[in-house]
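Coordinate analysis (summary)
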Amino acid sequence: MRAVLQRVKQGSVSMNGREIARIGKGLVILAGIGHQDDEKIVRAMAEKIAFLRIFEDEQGKMNLSVRDVGGEALVVSQFTLYADARKGRRPSFTDAALPEKARPLVDLFARALAEQGVPTQTGEFGAEMLVEIHNDGPVTILLEL
């Protein structure tokens, strides 16, 4: 599983001009599922993210987690995180899991984050979305399990 975390002041997802999800302070998480991923990996990623210390404490050091600051998460499925552009000029996405495998694991990931105490919203799996990210810092972290 691959995830791009963006620490945000706010984030939202819209489809066809209609907002479907919005968070305030927290994390917008672009989540990609690979062929080898399973429930164990997805739950481990959710726990890692819930406790990852990437928010500033009163001394300005990244010492607090999204849970510590009472933040939220917005999970957006992103198969393009598995793009392989090493050859040619057109990326290959063969390392991304097929939708029938990825969809339930992305849903599980969002539920697992919520179970870790992080209020979580999602985009629409497989849909064309407009994702608005107000990156705070900016802080962007790439994780892979």
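Look up a bit, the structure's there.
These numbers come from a predicted model, not from an experiment.

The subject of this paragraph is the packing of helix α1 (residues 39-51) against helix α2 (residues 99-115). Running from amino to carboxyl end, α1 crosses α2 at an angle of 40 degrees, the nearest separation of the two axes being 9 Å. The angle between α1 and α2 falls in the class oblique. In this structure, α1 meets α2 at a crossing whose hand is right-handed. Contacts between α1 and α2 involve E39, V42, R43, M45, A46, I49 and A50 on the former and, on the latter, L105, L108, F109, A112, L113 and E115.

Next up on the list: the nonpolar core. If you look at the biggest cluster of nonpolar residues, it comprises 30 residues, and the most contacted ones within it are L27, I29, I33, I49, V75, F109 and L113. Mapped by element, the contributors of at least two residues to this core are β1 (2-15), β3 (26-32), α1, β6 (72-77) and α2. Each residue touching I33, except ones within four places of it in the same chain, is listed here: M1, V42, Y82, A96, A97, A102, L105 and V106. Counting nine residues, the second largest nonpolar core, distinct from the first, contains A21, I23, V28 and V76.

By volume, the largest pocket amounts to about 410 Å³. At the level of elements, β3, β6, α2 and β8 (130-144) are the ones that each hand at least two residues to the lining of the largest pocket. When its residues are assigned to classes, the lining of the largest pocket shows 17 nonpolar, five polar and one charged.

Among the secondary structure elements, S65 is positioned in the loop between β5 (62-64) and β6. Take S65: its relative accessible area is 2%, and that puts it in the buried class. Polar side-chain contacts of S65 include one of 3.5 Å to the backbone oxygen of A50. In this structure S65 touches A50, F51, L52, R53 and F55, once residues within four positions along its chain are discounted.

Right, let's get into the side chain of R7. Summarising the element assignment, R7 is placed in strand β1. Within polar-contact distance, the side chain of R7 engages the backbone oxygen of I54 at 2.9 Å. Those residues within four positions of R7 in sequence are excluded, and the remaining contacts are G26, L27, I54, F55, E56, M62, H134, N135, D136, G137 and V139.

Before going further, it helps to examine unusual backbone geometry. Cis peptide bonds are those with omega within 30 degrees of zero, and the linkage from G137 to P138 qualifies with -5 degrees. Structurally, P138 can be placed in strand β8. For N16, which is not glycine, the phi dihedral falls at a positive 50 degrees. Examined against the element boundaries, N16 turns out to sit in the loop between β1 and β2 (18-23).

We now examine the pairing of β2. Pairing of β1 with β2, which is carried by five bridges, proceeds in the antiparallel orientation. The residue of β2 that forms the bridge with V13 is A21. Once β1 ends, the chain turns through two residues before running back antiparallel as β2, passing N16 with a positive phi of about 50 degrees.

Conventions we followed
Residues numbered from 1 in each chain as written. Predicted model: local features only at pLDDT ≥ 70, side-chain atom pairs only at ≥ 80, totals over all residues. Heavy atoms only, no water. Axes fitted to C-alpha atoms, helices over the stretch in contact; angles between N-to-C directions. Helix = DSSP H or I, 4+ residues; strand = E, 2+ residues; numbered from the N terminus. Parallel < 35°, antiparallel > 145°, perpendicular 65-115°, else oblique. Left-handed = near helix turned anticlockwise from the far one by under 90°. Contact = heavy atoms within 4.5 Å. Core = buried A, V, L, I, M, F, W, Y, C linked by side-chain atoms within 4.5 Å. Buried < 20%, exposed > 50% of the residue type's maximum accessible area, 1.4 Å probe, protein only. 1 Å grid on protein atoms, 1.4 Å probe; cavity = no way out; pocket = protein on both sides within 12 Å on 5 of 7 lines; lining within 4 Å. Points joined across faces, edges and corners; volume = space filled by probe spheres on them. Nonpolar A, V, L, I, M, F, W, Y, C, P; charged D, E, K, R; others polar. Polar contact = N/O pair within 3.5 Å; in protein donor to acceptor, adjacent residues only side chain to side chain. Pairing = 2+ DSSP bridges.

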